[in-house]
Amino acid sequence: MEIQQVDLKRQYASIQPEMDEAIHGVLQRTDFIMGKPVEEFEKAYAAFSGAKHCIGLASGTAAIHLALAALNIGPGDEVITVSHTFIASAEPVVYLGAKPVFVEVEPDYFTLDPAKLEAAITPKTKAILPVHIYGQCADMAPILEIAARHNIPVIEDAAQAQGSKYHGNTAGTLGLAACFSFYPGKNLGAYGDAGALTTNDDALAERVRRIRNHGRQPKLKYEHFEVGYGERLDTLQAAVLKVKLSYLADWNEKRRWVAARYNSELEGIPGLKLPPLRPGCEHIYHQYVLRTEQRDALGSYLQGKGIHTGVHYPMPLHLQPAFKYLGYKAGDFPVTEKLASTVLSLPMFAELTEDEMGYIIQNVRDFFKA
Ligand SMILES: *Cc1c(COP(=O)(O)O)cnc(C)c1O
């Protein structure tokens, strides 16, 4: 048996006629830039996440970049985020000349630890960017409470959290704005790079709409009100995303079903920790992440059995060569560093079969028996 960590071919096979038709529609209309599907997808995604506005963008990185740009963040400013994440959570801070400041994560839920947040806030802090890592929301209530007390906006990095819920509210409506990635492997994935920003704030939405498209006002093609960016969502990707969005709730439900089986059949193995559910939250299992001191050995054992796993992520941001200039050192964030050496992501996608799940579970059990 050969099982990918995420298998995009099966998903395409399950929706091929509808998808091919949507793509052909764009080719026939040749409305490649800001075509009809862009607006249609934005409306549908706003409705899906319960946000007033959705602005389609070129990637998740662009969504974070434009959210921070729209807040006028620049040189001398600081933005707080976590070190246990993908580098794109912090890169846009640097694009704007500002400084990323890292905060420790909660040992159980892997997201920004609200108890460690206040100590990182300074008069220079201009935004707080919690990451809903693996598809489960950060503990937004205390984060928002602390941020409000200091009058600092909260921007969600919801790149891994399309449809994830926190006490009944969907990711994308929890902070001032939320940044989504539709990288192909995400729960809602394009056939290339794509992203979006959601917000309930009219002024922020208008600014992001303008700066994604070279600072243009919508009806004046060659009149530029400010210097912007070329970070639009392209029409082909919007058409792809529109087809897939109608299946997303179902796919997320299937992922929860896979996770439930992993949870029940891998429970109680000494030396193996399963990913806990935060009370009041609905996980979308972008990743199903085990923790074990024998992470590398387990990964190679499963690889030998044809089971592909992933490590998200092996090196925390504060120890990355790219961020050496920030002056962090090993030992600064013990929980984060421990995660980097112990996390392992099992295969996780909606089309996993019962037989494959059984095979994966059996092999994990065999590894720990030996
Ligand atoms: C995928 C991802 C991003 C970046 O998204 P792109 O669409 O690849 O630019 C940002 N943050 C997190 C947490 C991600 O997982």
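The structure this text deals with has already been given above.
First things first, this report covers the structure right here in the doc. (Residues numbered from 1 in each chain as written. Predicted model: local features only at pLDDT ≥ 70, side-chain atom pairs only at ≥ 80, totals over all residues. Heavy atoms only, no water.)

## Examining the overall build of the chain
Working step 1: Along its length, the chain carries 11 helices and 14 strands.
Working step 2: Expected size for 370 residues packed as a compact globule is a radius of gyration near 21 Å; at 21 Å, the chain falls within 12% of this value.
Working step 3: Counting only C-alpha atoms, the chain reaches 70 × 55 × 35 Å along its principal axes.
Working step 4: Counting every position in the chain, which comprises 370 residues, the buried fraction comes to 56%.
Working step 5: Residue pairs in contact within the chain that sit at least 24 positions apart in sequence constitute 71% of those at least 6 positions apart.
Working step 6: With the model as given, the accessible surface of the chain reaches about 15,400 Å², and the carbon-plus-sulfur share is 55%.
Working step 7: Each charge class in the chain was averaged separately, 37 positive and 43 negative side chains, and the resulting centres sit 2 Å apart. (Helix = DSSP H or I, 4+ residues; strand = E, 2+ residues; numbered from the N terminus. Rg over C-alpha atoms; globule rule 2.2 N^0.38 Å. Buried < 20%, exposed > 50% of the residue type's maximum accessible area, 1.4 Å probe, protein only. Contact = heavy atoms within 4.5 Å. Areas by Shrake-Rupley, 256 points an atom, 1.4 Å probe, with all protein chains shown as cover. Lys, Arg positive; Asp, Glu negative; His and termini not counted. Charge placed at Lys NZ, Arg CZ, Asp CG, Glu CD.)

## Some points on the site of the ligand
Working step 1: As a structural note, the neighbourhood of the ligand is formed by 16 residues, with G60, T61, Q160, S181 and K186 the closest of them.
Working step 2: A distance of 2.6 Å is found between an oxygen atom of the ligand and a side-chain nitrogen or oxygen belonging to S181.
Working step 3: About the coverage of the ligand: the protein hides 93% of its 380 Å² of free accessible area.
Working step 4: Structurally, the ligand is housed in the largest pocket. (Near = heavy atom within 4 Å. Polar contact = N/O pair within 3.5 Å; in protein donor to acceptor, adjacent residues only side chain to side chain. 1 Å grid on protein atoms, 1.4 Å probe; cavity = no way out; pocket = protein on both sides within 12 Å on 5 of 7 lines; lining within 4 Å. Sits in = over half its atoms within 2 Å of the grid points.)

## With respect to the sheet that holds strand β12 (residues 281–282)
Working step 1: An order of β7-β6-β12 is seen for the three strands of this open sheet, with the pairing classed as antiparallel. Two strands lie at the open edges of the sheet, namely β7 (169–170) and β12, each paired on one side alone.
Working step 2: Pairing of strand β6 (residues 165–166) with β7 involves two bridges; the strand directions are antiparallel. Across the sheet, K165 pairs through a bridge with T170, a residue of β7. (Pairing = 2+ DSSP bridges.)

## Quick word on empty space enclosed by the protein
Working step 1: Counted by the stated rule, this structure contains two cavities of 30 Å³ or more.
Working step 2: Its volume calculated, the largest cavity comes out at about 100 Å³.
Working step 3: In this structure, the largest cavity is lined by 13 residues; those nearest its centre are Q11, N187, R255, F349 and E351.
Working step 4: Among the elements of the structure, α1 (8–29) and α8 (235–266) are those that each provide at least two residues to the lining of the largest cavity.
Working step 5: Taken together, the residues of the lining of the largest cavity break down into six nonpolar, three polar and four charged. (Points joined across faces, edges and corners; volume = space filled by probe spheres on them. Nonpolar A, V, L, I, M, F, W, Y, C, P; charged D, E, K, R; others polar.)

## Describing the pairing of strand β13 (residues 288–291)
Each regular strand carries side chains that alternate between the two faces of the sheet.
Working step 1: A two-sided burial pattern is seen for β13, the buried positions comprising Y288 and L290 on one face and V289 and R291 on the other.
Working step 2: The pairing of β13 with strand β14 (residues 343–346) spans four bridges and is classified as antiparallel. Note on β14: the bridge partner recorded for R291 is V343.

## Things to note about the packing of aromatic side chains
Working step 1: Inspection of every chain in the model, using the stated rule, returns 17 aromatic pairs.
Working step 2: Measuring from centroid to centroid gives 5.5 Å for F110 and Y134, while their planes differ by 70 degrees, and the two rings are edge-to-face. Residue F110 is found in the loop between β3 (99–103) and α5 (114–117), and its partner Y134 is found in the loop between β4 (125–128) and α6 (140–149); the two are separated by 24 residues along the sequence. The same class applies to F110 as to Y134, namely buried.
Working step 3: Seen in terms of ring centroids, Y328 and F333 are 5.7 Å apart; in terms of plane orientation they differ by 45 degrees. Their pairing is tilted.
Working step 4: Given the relative accessible area of 10%, F333 is considered buried.
Working step 5: Three or more aromatic residues joined by ring pairs make a cluster, and in this case those are F41, Y45, F48, F180 and F182. (Phe/Tyr/Trp six-rings, centres within 6.5 Å; stacked < 30°, edge-to-face > 60°.)

## A short note on the sheet that holds β4
Working step 1: Pairing is parallel in the open sheet, where three strands are placed in the order β3-β2-β4. The outermost strands of the open sheet, each flanked by one partner alone, are β3 and β4. Between one strand axis and the next, the sheet turns by 35 degrees as a mean value, whatever way the strands run.
Working step 2: By the bridge criterion, five bridges tie strand β2 (residues 78–82) to β3 in an arrangement that is parallel. Bridge pairing links V82 to V103 in β3. (Axes fitted to C-alpha atoms, helices over the stretch in contact; angles between N-to-C directions.)

## Brief notes about the side chain of H286
Working step 1: By the secondary structure assignment, H286 is in the loop between β12 and β13.
Working step 2: Its relative accessible area of 6% is what places H286 among the buried residues.
Working step 3: Not counting residues within four places of it along the chain, the set of residues in contact with H286 comprises Y134, G135, Q160, G185, K186, N187, R255 and M348.

## Quick word on the nonpolar core
For soluble globular proteins, the rule of thumb is that nonpolar side chains tend to be buried together.
Working step 1: Among the nonpolar cores identified, the biggest contains 49 residues, and F41, I80, I128 and F182 are the most heavily contacted of them.
Working step 2: Among the secondary structure elements, those contributing two or more residues to this core are α2 (36–49), β2, β3, α6, β8 (177–181) and α8.
Working step 3: What I128 contacts, discounting residues up to four positions off in sequence, is I80, L112, L117, I121, I143, A147, I152, P153, V154 and I155.
Working step 4: Membership of the second largest hydrophobic core comes to 25 residues, among which are A259, L272, Y288 and F368. (Core = buried A, V, L, I, M, F, W, Y, C linked by side-chain atoms within 4.5 Å.)

## Points about the state of the cysteines
Working step 1: Going through the model one piece at a time under the given rule, you end up with zero disulfides.
Working step 2: Residue C179 stays outside any disulfide, its sulfur separated by 11 Å from that of C54, the closest cysteine.
Working step 3: The exposure class assigned to C179 is buried, which follows from its relative accessible area of 1%.
Working step 4: In this structure C281 is a free cysteine whose sulfur lies 5.6 Å from that of C137, the closest cysteine sulfur available. (Disulfide = S-S within 2.5 Å.)

In short, the description is geometric, and any link to function would need to be established separately.
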